[in-house]
Amino acid sequence: NAGVTQTPKFQVLKTGQSMTLQCAQDMNHNSMYWYRQDPGMGLRLIYYSASEGTTDKGEVPNGYNVSRLNKREFSLRLESAAPSQTSVYFCASSEAWGEGGYTFGSGTRLTVV
Amino acid sequence: GNSVTQMEGPVTLSEEAFLTINCTYTATGYPSLFWYVQYPGEGLQLLLKATKADDKGSNKGFEATYRKETTSFHLEKGSVQVSDSAVYFCARAGGTSYGKLTFGQGTILTVHP
């Protein structure tokens, strides 16, 4: 099925460890996004990529880096995980400017101990 | 800046009851407005959208009307079902934030038989 695929679905890290969350879309969308979801806070934008070759910070970028590998793939890296990064992470994609809405992946549940 | 405010939950209803979830947005620019739904363990799915004032978005019995005069986009359904139990997010895109979606904090809806 067409859509946004995220891996892994679950991950437990120790404080200080690093990892990369993978995201790929097959809808030929230009824009891709990484959000984190925390209880009572809705979804907050971490980084986004308006088009291939560009990335920009969102609302909560500290502690994260991203790579727009090609038009399909947009990865999120935690260089030194902290307990405050325990969250559910969602990748999304959209046509340019997102006016038609986003398509979301099913999420990665990350726990940092 | 751009923000979205939703009524706080959780909301608990009996089957066939009338549902309203309030949503207001900041009036910066001319945003598109969305409602997303998240079922347990899943990502967000677009429920409905409206792109200009007085537009009515509708899907699966849910409706919301873009009210510029009150900067609101309230979600309504005339008769809820147990299967509507989920978390509902109001969001805006466009205006001064271009394609980046800004979400409300989410409202948990539980429908009992």
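Residues numbered from 1 in each chain as written. Chains lettered and ligands numbered in written order. Predicted model: local features only at pLDDT ≥ 70, side-chain atom pairs only at ≥ 80, totals over all residues. Heavy atoms only, no water.

### With respect to the side chain of Gln 38 of chain B
Part 1: Relative to the assigned elements, Gln 38 of chain B resides in strand E5 (residues 32-38).
Part 2: At a separation of 2.9 Å, a polar atom in the side chain of Gln 38 of chain B contacts the side chain of Gln 37 of chain A. (Helix = DSSP H or I, 4+ residues; strand = E, 2+ residues; numbered from the N terminus. Polar contact = N/O pair within 3.5 Å; in protein donor to acceptor, adjacent residues only side chain to side chain.)

### Structural notes on the pattern of salt bridges
Residues and elements named next belong to chain A.
Part 1: With the rule as written, the count across this model stands at 6 salt bridges over all chains.
Part 2: For Asp 38, the salt bridge identified is with Arg 36, shortest N-O distance 2.9 Å.
Part 3: Here Arg 44 makes a salt bridge to Asp 38, at a shortest N to O gap of 2.8 Å.
Part 4: Three or more residues are tied together by salt bridges with common partners; here these are Arg 36, Asp 38 and Arg 44. (Salt bridge = Lys/Arg side-chain N within 4 Å of Asp/Glu carboxyl O.)

### What about the interface of chain B and chain A?
Interfaces are often sized by the amount of accessible area the parts lose when they come together.
Part 1: Contacts between chain B and chain A engage 21 residues on the former and 19 residues on the latter.
Part 2: Summing both sides of the interface, chain B and chain A together bury roughly 1,500 Å²; the carbon and sulfur share of this comes to 58%.
Part 3: The interface formed by chain B and chain A includes 0 salt bridges.
Part 4: Where chain B meets chain A, there are 4 residue pairs in polar contact (both at pLDDT 80 or more).
Part 5: If you list the elements that add at least two residues to the side of chain B that touches chain A, you get E5, strand E6 (44-50) and strand E10 (86-93) of chain B. (Contact = heavy atoms within 4.5 Å. Buried area = accessible area lost by both parts, 1.4 Å probe.)

### Some words on the sheet that holds strand E8 (residues 62-65) of chain B
Residue and element names in this part refer to chain B.
Part 1: Read from one edge of the open sheet, 4 strands run E3-E9-E8-E7, paired in antiparallel fashion. The open sheet has two edge strands with one neighbour each: strand E3 (19-21) and strand E7 (56-59). Strand-to-strand twist in this sheet, taken as the mean axis angle between neighbours without regard to direction, amounts to 15°.
Part 2: Of the strand pairs in this sheet, E7 and E8 are connected by 4 bridges, and their pairing is antiparallel. Paired with Lys 56 across the strands is Thr 65, a residue of E8. (Pairing = 2+ DSSP bridges. Axes fitted to C-alpha atoms, helices over the stretch in contact; angles between N-to-C directions.)

### Topic: the packing of aromatic side chains
Part 1: If you walk through the whole model with that rule in mind, you get 14 aromatic pairs over all chains.
Part 2: Taking 5.9 Å as the distance between ring centres and 65° as the angle between the ring planes, the aromatic pair formed by Tyr 64 of chain A and Tyr 89 of chain A counts as edge-to-face. Placement of Tyr 64 of chain A in strand E7 (residues 64-68) and of Tyr 89 of chain A in strand E9 (residues 87-94) is noted, with a sequence separation of 25 residues between them.
Part 3: On the basis of relative accessibility, which here comes to 0%, the residue Tyr 89 of chain A falls in the buried class.
Part 4: Here Phe 62 of chain B and Tyr 88 of chain B contribute two aromatic rings whose centre-to-centre distance is 5.6 Å and whose plane-to-plane angle is 40°, an arrangement assigned as tilted. One end of the pair, Phe 62 of chain B, is in strand E8; the other, Tyr 88 of chain B, is in strand E10, with 26 residues separating them in the sequence. Both residues of the pair, Phe 62 of chain B and Tyr 88 of chain B, belong to the buried class.
Part 5: By way of ring pairs, the aromatic residues Tyr 33, Tyr 35, Phe 90, Tyr 102 and Phe 104 of chain A together with Phe 34, Tyr 36, Phe 89 and Phe 103 of chain B are connected into one cluster. (Phe/Tyr/Trp six-rings, centres within 6.5 Å; stacked < 30°, edge-to-face > 60°. Buried < 20%, exposed > 50% of the residue type's maximum accessible area, 1.4 Å probe, protein only.)

### Focus: the sheet that holds strand E8 (residues 74-78) of chain A
Residue and element names in this part refer to chain A.
Part 1: A sheet is described by the order of its strands in space; here 4 strands give the open sequence E1-E3-E8-E7, paired in antiparallel fashion. The sheet is open, and its two borders are formed by strand E1 (4-7) and E7, each paired with just one other strand. For this sheet, the mean inter-axis angle between neighbouring strands, taken without regard to orientation, is 15°.
Part 2: Sheet topology note: the E7/E8 ladder contains 5 bridges and is antiparallel. Looking at E8, one finds that Tyr 64 is bridged to Leu 78.

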